[in-house]
Amino acid sequence: MRKLFAPAVAALALAGCGVIPGPPGTGDGESPTTGAAAAQPTQETSTPAQQPPAQEATVIATRTAQVSAGDMTGAARVDITSLRRQGKTASLTWTITATEGKVNVHNGLGKGPLDLTVSKVSLIDPVNAKRYRVARNGTTEDAECVCSGTQGQFLEPGESSTLYAVFAAPPLEVTKVDIEMPMFGVLDDVPIS
């Protein structure tokens, strides 16, 4: 049996765009072809589609600290990998890596023992003396944060967790902010891209 990879790859690519081709000749999602081109079978492909190599995150700020949350104490490193403006918002991405002992990310970054998110992380604008808290998806007191959940994240040495949070963006003239992060303290002068 002959394997034809090209139609399957094309169908997957079009499905990702919201277009799913129908059977040949139906006109659904196809471009019209005529003559010899329509009669030729697709050639067999022996190599899978090439994926671009994964890019390693660039660390723009880092801090190591003795951390404790709940009844766990250990040491961890936080690496800020991105703080990027996107219109009226700013997205922060970071990685926490346990370096010693067991690290409780589960409820160590939220606003209390039942807040299993990173909602207590904030940006501090030193130019305008303003604090930016994690965005919420509504105005009520129980509105969820636009940020990572942390439920069940207890890191052993060498284990990492990548997290994110979205904030209102500081004004354009602000090019660096301080990041206040529970368990780690304040990371100063983190650039906004």
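What counts and what doesn't
- Residues numbered from 1 in each chain as written.
- Predicted model: local features only at pLDDT ≥ 70, side-chain atom pairs only at ≥ 80, totals over all residues.
- Heavy atoms only, no water.
- Helix = DSSP H or I, 4+ residues; strand = E, 2+ residues; numbered from the N terminus.
- Buried < 20%, exposed > 50% of the residue type's maximum accessible area, 1.4 Å probe, protein only.
- Polar contact = N/O pair within 3.5 Å; in protein donor to acceptor, adjacent residues only side chain to side chain.
- Contact = heavy atoms within 4.5 Å.
- Pairing = 2+ DSSP bridges.

Caption draft 1: Just the side chain of Ser161, in detail. As for its position among the elements, Ser161 is in strand β8 (residues 160-168). The buried category is assigned to Ser161, whose relative accessible area is 7%. A polar atom in the side chain of Ser161 sits 2.3 Å from the side chain of Gln153. Beyond its immediate stretch of four places on either side in the chain, Ser161 contacts Trp94, Thr95, Ile96, Gln153 and Leu155.

Caption draft 2: Main features of the pairing of strand β5 (residues 122-125). Here four bridges tie β5 to strand β6 (residues 130-133), and the two strands are oriented antiparallel to one another. In the strand pairing of β6, Ile124 is matched with Arg131. Hairpin connection between β5 and β6: a loop of four residues separates the two successive antiparallel strands, and Ala129 in this loop has a positive phi of roughly 50 degrees. Pairing analysis gives three bridges linking β5 to strand β9 (residues 176-181), with the strands arranged antiparallel. If you follow Ile124 over to β9, its bridge partner there is Asp178.

Caption draft 3: How the structure looks around the environment of Thr150. Assignment of secondary structure puts Thr150 in the loop between β6 and β7 (154-155). Linking Thr150 and Val118, residues 32 residues apart in sequence, is a C-alpha distance of 7.1 Å. With residues up to four places along the chain from it excluded, the contact list for Thr150 reads Val105, His106, Asn107, Leu116, Thr117, Val118 and Leu163. Polar contacts involving the side chain of Thr150 include one to the main-chain carbonyl oxygen of Val105, which spans 3.4 Å.

Don't take any of this as a statement about function, it's just geometry.
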